[in-house]
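Descriptive analysis of the structure
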Amino acid sequence: MASKMLSAFLQQNLTELKGQGLYNTIQPLESPNGPLITIQGREFVNLSSNNYLGLANDERLKEAAIRATNDFGTGSGAVRSINGTLTLHVELEERLAHFKGTEAVLTFQSGFNCNMAAISAVMGAGDAILSDELNHASIIDGCRLTKAKAIRYNHSDMEDLRTKAKEARESGQYDKIMVITDGVFSMDGDIAKLPEIVEIAEAYDLITYVDDAHGSGVLGGGAGTVKHFGLSDRVDIQIGTLSKAVGVVGGYVAGSRDLVDWLKVRSRPFLFSTALPPGTVAACISAVDILQNSNELQTKLWENTRYLQEGLKNLGYSIGSTETPITPCIIGDEVTTQKFSIRLYEEGVYAKAIVFPTVPKGTGRVRNMPTAMHTREMLDRALSAYETIGRELGLVR
Ligand code: PMP
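Residues numbered from 1 in each chain as written. Predicted model: local features only at pLDDT ≥ 70, side-chain atom pairs only at ≥ 80, totals over all residues. Heavy atoms only, no water.

- An unreviewed UniProt entry lists the protein under the name Glycine C-acetyltransferase, with Paenibacillus uliginis N3/975 as the source organism.
- UniProt, in its Cofactor (unreviewed entry) section for the protein, records the words "pyridoxal 5'-phosphate". (UniProt positions renumbered as here; feature names shortened; annotations may be inferred.)

What follows is the structure, given as structure tokens:
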């Protein structure tokens, strides 16, 4: 018989969330996750995916996945450390290391898993982690898996980081101290101030850790935020995802050979969760090839980004502090932001409202993700909807 306590807990909390308008109803797509998507038979301009370069629907990746599936099957059959490691995994890791300019790379089943794996394998009791207050949930959870002291610093506030790093180091309480940051912040699209972070890290002997989920494939010729700043030899640990610009699924940790060797024996998702399947790995290899050999898709992504961002600004909207394709259109209070997103949906534009508690109260926004695959006509459709709705709600003239 079902537990009454569990049912009561679930019902009470679900009702509460729904009452606060915080329950997210998921709408399945009836099409690939491209620049146009179909939901319940209707077509939408899609401004919600992380498929930055359109690689998730690229024929070359699909063919690579099909070929590897035919050759090796659908599953890798075991965890990496038993016999789930195929030559394909090793090839992908070698290619990624070359691309990132690091000694070695280890792949995981997701970017989320990378943070679970790497933070907890490196940090422990007696250590401290300085973490940007806007870091991704997987970093927060990765830190929670350790017995290290977590110290949050104000978002991209280098004075606050410097003060806290100095205090932590001079307290003599901690052995290893790490500073950890997103490379690109996923809600605002701003880039971490890596040159200053690295300088502070060197002054106070901190381990540097950059989660570059949104920078990989987008910045630094595709190699990410660390490369963008020319800091490849001054950052200890980099995380990337294979699910956004790379267009597949999975994640990787890039760093020294010793780091990778240590993760192979100490990181739990590597030791206790089945390896990425062959088709996925082969598609990733194909994506890395494309990223290394051409900048065409990145150029298109940035052209579309500029077009959409200029268009929104010309209409009179604020796009906050973004420096990347992540384009928040700041609407303001929570109710108006939700209303705005619903109206966009009615007008055939799929872009999600992001409100408190994900972002601070009163800074509700609709987050737009332009990709290399959008055409001008699609972006114009979206901008025209922004104009119509903005006028309707009295947000723009
Ligand atoms: N880190 C950051 C900064 C992210 O934005 C995300 C994805 N939302 C992840 C990690 C998780 O990556 P994945 O989707 O590959 O698990």
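A short note on the overall build of the protein
- Looking only at helices and strands, the protein has 15 helices and 13 strands in total.
- Here the protein has a C-alpha radius of gyration of 22 Å; the compact-globule value for 397 residues is 21 Å, and the two agree.
- Along the longest, intermediate and shortest principal axes, the C-alpha atoms of the protein span 60 × 60 × 55 Å.
- A buried classification covers 52% of the 397 residues belonging to the protein.
- Nonlocal contacts in the protein, meaning residues at least 24 apart in sequence, comprise 71% of its contacts between residues at least 6 apart.
- Put simply, the protein shows about 18,000 Å² of open surface, and 52% of that area lies on carbon and sulfur atoms.
- Side chains of the protein carry 39 positive and 47 negative charges; the gap between the two charge centres is 4 Å. (Helix = DSSP H or I, 4+ residues; strand = E, 2+ residues; numbered from the N terminus. Rg over C-alpha atoms; globule rule 2.2 N^0.38 Å. Buried < 20%, exposed > 50% of the residue type's maximum accessible area, 1.4 Å probe, protein only. Contact = heavy atoms within 4.5 Å. Areas by Shrake-Rupley, 256 points an atom, 1.4 Å probe, with all protein chains shown as cover. Lys, Arg positive; Asp, Glu negative; His and termini not counted. Charge placed at Lys NZ, Arg CZ, Asp CG, Glu CD.)

Topic: the site of the ligand
- In the region of the ligand, 13 residues are neighbours, and Gly111, Phe112, Asp211, Thr241 and Lys244 sit closest.
- Contact distances for the ligand include 2.6 Å between a nitrogen atom and a side-chain N or O atom of aspartate 211.
- When the ligand is considered free in solution it has 400 Å² of accessible area, and contact with the protein chains removes 83% of it.
- Its residues assigned to classes, the shell around the ligand shows two nonpolar, eight polar and three charged. (Near = heavy atom within 4 Å. Polar contact = N/O pair within 3.5 Å; in protein donor to acceptor, adjacent residues only side chain to side chain. Nonpolar A, V, L, I, M, F, W, Y, C, P; charged D, E, K, R; others polar.)

Here we look at the pattern of salt bridges
- Evaluated as defined, the whole model comprises 20 salt bridges.
- Across the pair lysine 62 and glutamate 59 runs a salt bridge, and its minimum N-O distance is 3.1 Å. Placement of the pair is lysine 62 and glutamate 59 together in helix H2 (residues 59-72), with a separation of three residues, close to one helical turn.
- For aspartate 141, the salt bridge is made with arginine 144, and the minimal N-O distance between the two is 3.2 Å. With aspartate 141 and arginine 144 both in helix H6 (residues 137-144) and three residues apart, this pair spans about one turn of that helix.
- Among the charged side chains, a network of salt bridges with common partners joins Arg343, Glu346, Glu347 and Glu392. (Salt bridge = Lys/Arg side-chain N within 4 Å of Asp/Glu carboxyl O.)

Section: the domain arrangement of the protein
- Structurally, the protein comprises domain 1 (25-54 + 295-393) and domain 2 (59-293).
- Tallying the contact residues gives 22 residues for domain 1 and 18 residues for domain 2.
- Together domain 1 and domain 2 conceal approximately 1,600 Å² of surface at their shared face, both sides included; 56% is due to carbon and sulfur atoms.
- Counting across the interface, domain 1 meets domain 2 through one salt bridge.
- Salt-bridge contacts for arginine 365 lead to aspartate 188; the nearest nitrogen and oxygen are separated by 2.9 Å.
- Connecting domain 1 to domain 2 are 10 residue pairs in polar contact (both at pLDDT 80 or more).
- Put simply, the parts of the chain that give the side of domain 1 that touches domain 2 at least two residues each are helix H13 (296-315) and strand E13 (364-368).
- The element contributing the most residues to the side of domain 1 that touches domain 2 is H13, with four residues. (Domains from an automatic or database assignment. Buried area = accessible area lost by both parts, 1.4 Å probe.)

Focus: the packing of helix H5 (residues 111-122) against helix H10 (residues 257-266)
- Interhelical geometry of H5 versus H10 gives an angle of 100 degrees and a closest axis separation of 10 Å. Of the possible angle classes, the one that applies to H5 and H10 is roughly perpendicular. Judged by residue contacts, Ala117, Ala118, Ala121 and Val122 of H5 engage Leu259, Trp262, Leu263 and Arg266 from H10. (Axes fitted to C-alpha atoms, helices over the stretch in contact; angles between N-to-C directions. Parallel < 35°, antiparallel > 145°, perpendicular 65-115°, else oblique.)

Focus on the sheet that holds strand E2 (residues 42-46)
- Spatially, the three strands line up as an open sheet ordered E1-E2-E11, and their pairing is mixed. The open sheet has two edge strands, strand E1 (36-39) and strand E11 (349-350), and neither has a second partner.
- As paired elements, E1 and E2 share four bridges and run antiparallel to each other. In the strand pairing of E2, isoleucine 39 is matched with arginine 42. (Pairing = 2+ DSSP bridges.)

A short note on the side chain of threonine 208
- Structurally, threonine 208 is set in strand E7 (residues 207-211).
- Assessed through its relative accessible area of 3%, threonine 208 is described here as buried.
- The contacts of threonine 208, once residues within four sequence positions are left out, are Val179, Ala201, Arg234, Val235, Asp236 and Ile237.

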